[in-house]
Amino acid sequence: MTSLFFQFLLYSTAFIAVLASNSVAEEQRRIVLDNSQFKESFLDKVTVSGGIRAGFMYQSPLNRVDIHQLKVHIQREIEEQDAMLCVNMVSRDGRYSASWEYALGKQHVGSIAVDLPSRYQEQISGYSPDALVVLAAITKKDCNSSELKYVPTSWGGANSDYIIYVNSGNTDTIIGIPGHKERIQCTKIIAESTIAYDTRCVVGKDILNEPKSIFLVRNNFGNRLPNVEFPVR
């Protein structure tokens, strides 16, 4: 009986140690940016829109953006020691924008919280999660590389489908997936200001369960425009 008791005690201690180790490991999954890494601006008026790709996020359960609840989701293990995380943020009205780079290195699957040293916390907190979006990508060494592959982010939780935010202008946009006959319809965003992006495309999690490129297929009053590749890691 004594032997069984000590054996049970040994296993229990080892189990608790594993839990504690995992807990510490998760707590360490946080990116802390300083002011020199984080570039941002908030303008009174914006009249020029940005690029076609604006954001790639999970649908958020939050009512308002909380800069303490931004997460980057690593869906597949990163084995490259020189992996870089490249991030752009933009508000739908185009007034707020931010960008930052981070030497990520090797990472296991899971979410990474981000501490944003923003000077505009009050203004940011006035946006809904749909009105301030994040586009994050991973590449090797240099964020100017043409080999960017996108990873989803979220404001708060991440148990939902993905949303790709697009600046489509006067074009109608759908999502084309190689090997799939079905195409995903995107919808125009109805809002007072849609300078930085004006379209949202909801993509089911099962569609992106492995690395692949999907394409933004655009049509401008019957004229087919070049497809825009969206490579997902």
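Residues numbered from 1 in each chain as written. Predicted model: local features only at pLDDT ≥ 70, side-chain atom pairs only at ≥ 80, totals over all residues. Heavy atoms only, no water.

A word on the overall build of the protein
Right, on to step 1. A tally of helices and strands in the protein yields two helices and 18 strands.
Right, on to step 2. Among the 233 residues that make up the protein, the fraction classed as buried is 43%.
Right, on to step 3. Carbon and sulfur atoms form 50% of the exposed surface of the protein, whose accessible area is close to 13,000 Å². (Helix = DSSP H or I, 4+ residues; strand = E, 2+ residues; numbered from the N terminus. Buried < 20%, exposed > 50% of the residue type's maximum accessible area, 1.4 Å probe, protein only. Areas by Shrake-Rupley, 256 points an atom, 1.4 Å probe, with all protein chains shown as cover.)

Observations regarding the packing of aromatic side chains
Pairs of aromatic rings are described using the distance from one ring centre to the other and the angle between the two planes.
Right, on to step 1. The full count for this structure, using the stated rule, is seven aromatic pairs.
Right, on to step 2. Both rings, one in F56 and one in F230, keep their centres 5.4 Å apart while their planes meet at 80°; by these two values the pair is edge-to-face. Note that F56 is positioned in strand β3 (residues 53-58) and F230 in strand β18 (residues 228-232), a separation of 174 residues in sequence.
Right, on to step 3. Relative to F230, the ring of Y150 has its centre 4.5 Å away and its plane inclined at 25°; by these criteria the two rings are stacked. (Phe/Tyr/Trp six-rings, centres within 6.5 Å; stacked < 30°, edge-to-face > 60°.)

With respect to the side chain of R233
Right, on to step 1. Tracing the chain through its elements places R233 in the segment after β18.
Right, on to step 2. Despite being buried, R233 has no salt bridge partner; E80 is the closest side chain of opposite charge, sitting 4.4 Å away. (Lys, Arg positive; Asp, Glu negative; His and termini not counted. Salt bridge = Lys/Arg side-chain N within 4 Å of Asp/Glu carboxyl O.)

Examining the state of the cysteines
In protein structure, a disulfide is the covalent linkage between the sulfur atoms of two cysteines.
Right, on to step 1. As enumerated under the stated definition, the model contains two disulfides in all.
Right, on to step 2. At a sulfur-sulfur separation of 2.0 Å, the disulfide partner of C86 is C143. Linking C86 and C143, the disulfide has an S-S dihedral of approximately -85° and is accordingly described as left-handed. Residue C86 is found in strand β5 (residues 83-91), and its partner C143 is found in the loop between β8 (132-140) and β9 (149-151); the two are separated by 57 residues along the sequence. Grouping residues by exposure puts C86 and C143 together as buried.
Right, on to step 3. Across the disulfide from C186 sits C201; the S-S distance is 2.0 Å. Across the S-S bond of C186 and C201 the torsion is about 110°, and the bridge reads as right-handed. A residue pair is termed long-range when its members are at least 10 positions apart, and C186 in the loop between β13 (184-185) and β14 (187-188) and C201 in strand β15 (residues 199-203) qualify at 15 residues.
Right, on to step 4. Taking the relative accessible area as the measure of exposure, C186 reaches 14% and is therefore buried. (Disulfide = S-S within 2.5 Å.)

Points about the pattern of salt bridges
Right, on to step 1. Applying the stated criterion across every chain yields a total of four salt bridges.
Right, on to step 2. As a salt-bridge pair, R30 and D115 come within 2.8 Å of each other at their nearest N and O atoms. Remark: D115 occurs in strand β7 (residues 110-115) and R30 occurs in strand β1 (residues 30-32); sequence separation between them is 85 residues.
Right, on to step 3. Judged by relative accessible area, which is 40%, R30 ranks as partly exposed.
Right, on to step 4. Between E40 and R119 there is a salt bridge whose closest N-O contact spans 3.7 Å. Separated by 79 residues along the polypeptide, E40 in strand β2 (residues 39-42) and R119 in the loop between β7 and α2 (121-124) bring together distant segments of the chain.

Describing the nonpolar core
Grouped burial of nonpolar side chains is what soluble globular proteins tend to show.
Right, on to step 1. Membership of the largest hydrophobic core comes to 40 residues, with the highest contact counts inside it found for L85, M89, Y96, W100, L116 and W155.
Right, on to step 2. Taken together, the elements giving at least two residues each to this core come down to β3, β4 (70-74), β5, β6 (96-103), β7, β8 and β11 (162-166).
Right, on to step 3. Dropping the residues within four chain positions of it, L85 is found in contact with I31, V72, W100, E101, Y102, L104, A136, A137, I138 and C143.
Right, on to step 4. Judged by nonpolar contacts, the second largest core, of 22 residues, contains V166, C186, V203 and F230. (Core = buried A, V, L, I, M, F, W, Y, C linked by side-chain atoms within 4.5 Å. Contact = heavy atoms within 4.5 Å.)

Thoughts on the environment of L216
Right, on to step 1. For L216, the location among the structural elements is in strand β16 (residues 212-220).
Right, on to step 2. Sequence separation between L216 and E229 is 13 residues; the distance between their C-alpha atoms is 6.4 Å.
Right, on to step 3. For L216, the residues in contact, after removing those within four places along its chain, are I52, V166, T173, I174, I175, N227 and V228.

Thoughts on the side chain of S154
Right, on to step 1. Its location among the elements puts S154 in strand β10 (residues 153-155).
Right, on to step 2. Setting aside residues no more than four positions away along its own chain, S154 makes contact with M57, Y58, Q69, L70, K71 and H73.

Overview of the confidence of the model for the protein
Right, on to step 1. Chain-level pLDDT for the protein is 86 on average; 87% of the residues reach the 70-or-more range.
Right, on to step 2. Counting interchain partners and residues more than four positions distant, the pLDDT-below-50 stretch residues 8-25 has zero contacts. (pLDDT = per-residue confidence, 0-100.)

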